[in-house]
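The lines below spell out each chain.
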Amino acid sequence: MAFPAALRRQPYRSRPRQDRRRSWPSRGGGDRNLDRNWFGALLTSVGQDHQSEGEKQEGTARTAAAAAAHLPAMYAETEPGAAAERTAFRRAEKQYKLYKPPSRKGRSKSRSRGKQAGGGGFGGGGGGGDLSAVVDFHALLAAGKGELPAGIRRCDRAGFHLPVFCFLDRPGFYFIPGALSTEEQCYWIRESLKTFPQPPNRTNLTATYGPISDLLIAAKNQKILVEVESSSGKPRDEQNNVGENAHPGKFKFVDDSEIQKEERPKSTMAAALVRKLRWSTLGLQFDWSKRNYDVSLPHSKIPDDLATLAKKMAVPAMPSGEEFTAEAAIVNYYGPSDMLGGHVDDMEADWTKPIVSISLGCKCIFLLGGKTRDEAPTPMFLRSGDIVLMAGEARERFHGVPRIFTEGDQQDISGLVSELSDDDDRFILDYIHNSRININIRQVY
Ligand code: OGA
Ligand code: MN
């Protein structure tokens, strides 16, 4: 049964890469009616090297002052100074965003503190510059059933083969540590880079370049995407393909040697574009500007194997006797300094169905907050292969990813590294060393 309409939030959301690039992706004051300005502001910090027309069009609220000062535009507009940190959720976001691992000397000390915390207290938004408040479900699993801290319990389901954790005071939230084997993780990482961004699925790059086919192959082959007709030319759908590698629209992949140096067309390395991927949408396409699903957009159905996985993993959160149907998915790609600001996922009709959220690649901190940003969130580690389910009441909770852990902290992906040892996987291995991918799968209706 769906939640009564009165309890539902107005749809709002923002996701594109820009919202993760800034520390404070949301307006203050617990204002849930996040408006176009906010949305637009999130869309303004495209890599300093490149901001295309399409990307600009999506963002409508950039202020010259903010741009000049390299400040998040929303701060410049509405949130000077400490106002942006006035909620517990934002304070936690900031704390973890700014967290720096201790120097080598202090490292082992801090690690053991972290371990204790895995079996110790939680909540309160964390303390100081350490990670001692971050719940570590892998540590809890290793510690065994008897060792659970207050407020956390096992909620294994009969017939579901994996251990499941939940919080007593956060019904509808389920954590399945290590749900995917290393092989499965590698498979989904490859799919996330190779298959999921393929048209008709849209990505954050689509607005700028039109549909891009075979981006990963182009990146492996060191291709360059060049503009073959300026954006002031004919509309995309009237243009002809140019040459064998042409793409519908005004861009095509070429070899370096093919570029006319004297003409210097707008060009971007395919490999750099892979790094610029911030989201792709599968199945029913989400329209970020309307912040809702646009069923009129061309789409293909969720791949069968992903739908099957989601159905299987959704079980602990499903009303008994019902099955999860995957209708849409959002794939998030996080680079080293990217974050996903606190938000609520409320665009789907039936909140009794969970969002099935798969973590791949680098470890991150996930914040699970309350129904307002005033409630201090519970921080927890999400690692490659973990799956989180959010259903019912949990869908009303603010959550986000303030921080991913790269470079210095690679022990968590060592399994992936050895699995991705093929020559063919070299690009993917390089990518995943400092990236995180999240696939979150939704039943829309
Ligand atoms: C989302 C989301 C969390 C994550 O995409 O809505 O909350 O783990 N993602 O990246
Ligand atoms: Mn979410």
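Our structure's up above, just so we're on the same page.
Before going into details, it helps to say that this report is about the structure given with it. These numbers come from a predicted model, not from an experiment. (Residues numbered from 1 in each chain as written. Chains lettered and ligands numbered in written order. Predicted model: local features only at pLDDT ≥ 70, side-chain atom pairs only at ≥ 80, totals over all residues. Heavy atoms only, no water.)

### Some thoughts on the coordination of the manganese ion (ligand 2)
Put simply, a metal with four donors set out as a tetrahedron has ideal angles of 109.5 degrees, and one with six donors set out as an octahedron has ideal angles of 90 or 180 degrees.
Working step 1: Surrounding the manganese ion (ligand 2) are the protein donor atoms H343 (NE2), D345 (OD) and H399 (NE2), at 2.0 to 2.2 Å.
Working step 2: Sequence positions of the donors to the manganese ion (ligand 2) reduce to the motif H-x1-D-x53-H. Here the residue D345 occupies a position in the loop between β12 (340–343) and β13 (355–361), and H399 occupies one in strand β17 (residues 399–404), the gap between them amounting to 54 residues. Residues D345 and H399 agree in their burial class; the two are buried. (Donors = N, O, S within 2.8 Å, 3.2 Å for Na, K, Ca; no water. Helix = DSSP H or I, 4+ residues; strand = E, 2+ residues; numbered from the N terminus. Buried < 20%, exposed > 50% of the residue type's maximum accessible area, 1.4 Å probe, protein only.)

### Observations regarding the pattern of salt bridges
Working definition: two side chains of opposite charge can pair if their charged atoms are close together.
Working step 1: For the structure on display, the rule yields 21 salt bridges.
Working step 2: Here D424 ties to K220 by a salt bridge, and the two come within 3.5 Å at their closest N and O atoms. Highlighted residues: D424 in the loop between α14 (414–419) and α15 (426–432) and K220 in helix α11 (residues 215–220), separated in sequence by 204 residues.
Working step 3: Of the charged contacts, one joins K353 and E322 as a salt bridge, the two residues approaching to 3.0 Å between their closest N and O atoms. Remark: E322 occurs in the loop between α13 (304–314) and β11 (328–334) and K353 occurs in the loop between β12 and β13; sequence separation between them is 31 residues.
Working step 4: Using a relative accessible area of 36% as the deciding quantity, one classes E322 as partly exposed. (Salt bridge = Lys/Arg side-chain N within 4 Å of Asp/Glu carboxyl O.)

### Concerning the state of the cysteines
Each disulfide consists of a covalent bond between the sulfur atoms of two cysteine residues.
Working step 1: Counting across every chain of the model gives one disulfide.
Working step 2: The disulfide that involves C155 links it to C166, with 1.5 Å between the sulfurs. Linking C155 in the loop between β1 (152–154) and β2 (165–167) with C166 in strand β2, this pair joins segments that are 11 residues apart in sequence. For the pair formed by C155 and C166, the shared burial category is buried.
Working step 3: C364 supplies the cysteine sulfur nearest to C362, a cysteine that is in no disulfide, at a spacing of 9.8 Å. (Disulfide = S-S within 2.5 Å.)

### Looking at the sheet that holds β12
Working step 1: A sheet is described by the order of its strands in space; here four strands give the open sequence β12-β17-β14-β15, paired in antiparallel fashion. With partners counted over all chains shown, the strands left at the sheet margins are β12 and β15 (378–382), one partner each. Recorded for the sheet is a direction-independent mean angle of 25 degrees between the axes of neighbouring strands.
Working step 2: The pairing of β12 with β17 spans two bridges and is classified as antiparallel. Counterpart to H343 in the pairing with β17 is H399.
Working step 3: Helix α6 (residues 88–98) rests against β12, β14 (364–368), β15 and β17 of the sheet, and its axis sits at about 20 degrees to β17. (Pairing = 2+ DSSP bridges. Axes fitted to C-alpha atoms, helices over the stretch in contact; angles between N-to-C directions. Contact = heavy atoms within 4.5 Å.)

### Describing the nonpolar core
A general tendency of soluble globular proteins is for nonpolar side chains to be buried together.
Working step 1: Counting 60 residues, the largest nonpolar core has M313, I437, I439 and I441 as its most contacted members.
Working step 2: By residue number, the principal contributor to this core is α13, which donates six residues.
Working step 3: Not counting chain neighbours up to four residues away, the residues in contact with M313 comprise F160, L162, I176, A179, L180, V356, I387 and L389.
Working step 4: One finds L140, F173, Y334 and I404 within the second-largest nonpolar core, a separate group that totals 21 residues. (Core = buried A, V, L, I, M, F, W, Y, C linked by side-chain atoms within 4.5 Å.)

### Here we look at the packing of aromatic side chains
Working step 1: According to the stated counting rule, one finds 14 aromatic pairs in the structure shown.
Working step 2: Relative to Y293, the ring of F286 has its centre 5.2 Å away and its plane inclined at 80 degrees; by these criteria the two rings are edge-to-face.
Working step 3: Centre to centre, the rings of F381 and F405 are 6.1 Å apart; their planes meet at 65 degrees, and the pair counts as edge-to-face. In this pair, F381 is assigned in strand β15 and F405 in the loop between β17 and α14, connecting sequence segments 24 residues apart. By the burial criterion, F381 is buried, and F405 matches it.
Working step 4: Linked through ring pairs, F137, F165, F167, F173, F175 and F366 together constitute an aromatic cluster. (Phe/Tyr/Trp six-rings, centres within 6.5 Å; stacked < 30°, edge-to-face > 60°.)

### Comments concerning the sheet that holds strand β7 (residues 267–269)
Working step 1: Taken together, three strands build an open sheet; the order of strands is β6-β5-β7 and the sheet is antiparallel. Every interior strand has two partners, whereas the edge strands, β6 (251–254) and β7, have only one. Sheet twist, expressed as the mean angle between neighbouring strand axes with direction ignored, is 25 degrees.
Working step 2: In this sheet, β7 lies alongside strand β5 (residues 224–227) in antiparallel orientation, the contact comprising three bridges. Across the sheet, the residue bridging to V226 is S267, located in β7.

### What to know about empty space enclosed by the protein
The rolling of a water-molecule-sized probe over the atoms marks out the regions of remaining empty space.
Working step 1: Evaluation of the coordinates by the stated rule reveals four cavities of 30 Å³ or more.
Working step 2: Within this model, the largest cavity holds a volume of roughly 170 Å³.
Working step 3: Elements with a contribution of two residues or more to the lining of the largest cavity: β11, β12, β13, β16 (387–390), β17 and β18 (436–442).
Working step 4: Ranked by the residues each element gives to the lining of the largest cavity, the list is headed by β18, at four residues.
Working step 5: Lining the second largest cavity are P197, Q198, P199, N201, R202, T203, L205, T206, P211, I212 and L215.
Working step 6: Considered class by class, the residues forming the lining of the second largest cavity number six nonpolar, four polar and one charged. (1 Å grid on protein atoms, 1.4 Å probe; cavity = no way out; pocket = protein on both sides within 12 Å on 5 of 7 lines; lining within 4 Å. Points joined across faces, edges and corners; volume = space filled by probe spheres on them. Nonpolar A, V, L, I, M, F, W, Y, C, P; charged D, E, K, R; others polar.)

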